[in-house]
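This is what each chain is made of:
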Amino acid sequence: MLAYTVRRILVSIPVLIISTFIVFLVVINAGDPVANFATSRQPAPSKAAVAAFARHVHADQPAVERYWNWITGVLHGDWGPSVQPNLDIGHDLFTRFRVTVTLVAAAMLIALVLAVLFGVFSALRQYSAADYTITFFGFLFLAMPVFWFAVLLKQAGIWFNEQTGSQFLGTIGEKSPYLESDTFWNAFTDRIGHLVLPTITLALVSFASWTRYTRASMLEVMDSDYVRLARAKGLRRGRVLVRHALRTALIPLATVTALDIAIILGGAVVTETIFQWHGMGEMLVQSATTVDVYRTMAWLLLSAVVVIGFNLVADLLYAVLDPRIRYD
């Protein structure tokens, strides 16, 4: 498995370089930061200042040379210049990445646990009232636009705070202002309160689709020969479910979870924007608005690495969940 992991990492490198180069060409042609600099200031900057700004953001270089300088700079820890003065893109990226990881990890954990529980329960109660109810809410959550559901939850949180006279459910930002001077417990509960609504928003969409996959996979496995044989041998129902059926049924879910990480990151952009979190979502929106090429590429490169990493983890999980799979 170690050799397979190394091979996958080596294969991922050219994929990452080619995909980022194509995206880089798209980004540098999506807008002109030099024109923005020349027209958005009052009084208008001199020609010398505009030329200096163009050299600062490397807009005077050919695209291939510009990309090569950027990608080799990233390997040395230099993420390139920003259109914003004195902004360290690397520091900004990883500060925001920690904020986004908190939200995405909490949402994925909750969605996974609930999807397995409800998916298995729905499969074991096929065509019952509970199965139809879970199916109905699953399709309902799938049909809901993320931005609409986030706004709805935000209004519900404001209403809850007004009715209870508390500020437990944070609706703006990932924490309350001036929190550093407070006690640890107050800081902890404040972070949890701010995490509740964005996490529910992000978790529900994944929960809905993953529940459907778990249900379908569980139904297929429960009807397989080896599960029927285990039952015929007189094994207890719980042992058949957990040791024989559930383990195999989780393999498709592992694939879907890894592939959905890109969708979850996209949902995080919308969720962070509505709840005004200072994460990678806000960073992408600001970068696109100001035509900040290297800041946008930093977001895309880190997201691509995360997606490739999750796909590798999913492949390795196959061997853990199904001992018949070998990567030698």
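Residues numbered from 1 in each chain as written. Predicted model: local features only at pLDDT ≥ 70, side-chain atom pairs only at ≥ 80, totals over all residues. Heavy atoms only, no water.

**Quick look at the pattern of salt bridges**
Link 1 in the chain: Enumeration over the complete set of coordinates arrives at six salt bridges.
Link 2 in the chain: D92 is paired through a salt bridge with R295; the nearest N and O atoms lie 2.9 Å apart. Of this pair, D92 sits in helix 5 (residues 89-124) while R295 is found in helix 13 (residues 293-321), placing the two residues 203 residues apart along the sequence. An identical accessibility class is assigned to D92 and R295; each is buried. (Salt bridge = Lys/Arg side-chain N within 4 Å of Asp/Glu carboxyl O. Helix = DSSP H or I, 4+ residues; strand = E, 2+ residues; numbered from the N terminus. Buried < 20%, exposed > 50% of the residue type's maximum accessible area, 1.4 Å probe, protein only.)

**Focus on helix 12 (residues 280-289)**
Link 1 in the chain: Those residues of helix 12 that sit buried are M280, G281, E282, M283 and S287.
Link 2 in the chain: Against helix 5, helix 11 (261-275) and helix 13 lie the buried residues of helix 12. (Contact = heavy atoms within 4.5 Å.)

**Observations concerning a positive patch on the surface**
Link 1 in the chain: The grouping of K233, R236, R239, R243 and R247 at the surface amounts to a positive patch.
Link 2 in the chain: Along the chain, the position of R243 falls in helix 10 (residues 237-259). (Patch = residues over 30% accessible without salt bridge, like charges linked within 9 Å, V, L, I, M, F, W, Y side chains within 5 Å. Areas by Shrake-Rupley, 256 points an atom, 1.4 Å probe, with all protein chains shown as cover. Lys, Arg positive; Asp, Glu negative; His and termini not counted. Charge placed at Lys NZ, Arg CZ, Asp CG, Glu CD.)

**Some points on the environment of T5**
Link 1 in the chain: Among the secondary structure elements, T5 is positioned in helix 1 (residues 2-28).
Link 2 in the chain: Along the primary structure T5 and V313 are separated by 308 residues, whereas in three dimensions their C-alpha atoms are 9.3 Å apart.
Link 3 in the chain: Contact partners of T5, with chain neighbours within four places excluded, come to L312 and L316.

**Overview of a nonpolar patch on the surface**
Link 1 in the chain: Among the surface-exposed residues, W159, F160, F168, F184, W185, F188 and I192 lie close enough to one another that they form a single nonpolar patch of about 810 Å² accessible area.
Link 2 in the chain: Going through the elements one at a time, helix 7 (146-164) and helix 8 (184-222) are the ones with two or more residues in the nonpolar patch.
Link 3 in the chain: For the nonpolar patch, the element with the most residues is helix 8, which contributes four residues.
Link 4 in the chain: Mapped onto the fold, W159 is located in helix 7.
Link 5 in the chain: The exposure class of W159 is exposed, given its relative accessible area of 53%.

**Here we look at unusual backbone geometry**
Link 1 in the chain: With phi around 60°, N86 is a residue other than glycine that occupies positive phi space.
Link 2 in the chain: In this structure, N86 sits in the loop between helix 4 (63-75) and helix 5.
Link 3 in the chain: Not every positive phi belongs to a glycine, and V291 is a case in point at roughly 50°.
Link 4 in the chain: Inspection of the secondary structure puts V291 in the loop between helix 12 and helix 13.

**Remarks on the environment of R231**
Link 1 in the chain: Mapped onto the secondary structure, R231 falls in helix 9 (residues 225-232).
Link 2 in the chain: Under the relative-accessibility criterion, R231 is labelled partly exposed at 42%.
Link 3 in the chain: A C-alpha to C-alpha distance of 34 Å links R231 and L259, two positions 28 residues apart in sequence.
Link 4 in the chain: In this structure, R231 is in contact with M222 and V240, ignoring residues within four places of it in sequence.

**Details of the confidence of the model for the protein chain**
Link 1 in the chain: Chain-level pLDDT for the protein chain is 86 on average; 97% of the residues reach the 70-or-more range.
Link 2 in the chain: Here helix 10 stands out as the element of the protein chain with the lowest mean pLDDT, 81, in contrast to helix 4, whose mean of 92 is the highest. (pLDDT = per-residue confidence, 0-100.)

**Notes on the side chain of T171**
Link 1 in the chain: Structurally, the position occupied by T171 is in the loop between helix 7 and helix 8.
Link 2 in the chain: Since its relative accessible area comes to 13%, T171 is described here as buried.

**A few points about the packing of helix 1 against helix 4**
Link 1 in the chain: In the contact formed by helix 1 and helix 4, the axes pass within 11 Å of each other and the chain directions differ by 125°. Our classification of the angle between helix 1 and helix 4 gives oblique. When the axes of helix 1 and helix 4 are compared, the crossing they make is right-handed. Contacts between helix 1 and helix 4 involve I17, T20, F21, F24, L25 and I28 on the former and, on the latter, A63, V64, R66 and Y67.
Link 2 in the chain: Taken together, the residues that form the contact of helix 1 with helix 4 break down as eight nonpolar, one polar and one charged. (Axes fitted to C-alpha atoms, helices over the stretch in contact; angles between N-to-C directions. Parallel < 35°, antiparallel > 145°, perpendicular 65-115°, else oblique. Left-handed = near helix turned anticlockwise from the far one by under 90°. Nonpolar A, V, L, I, M, F, W, Y, C, P; charged D, E, K, R; others polar.)

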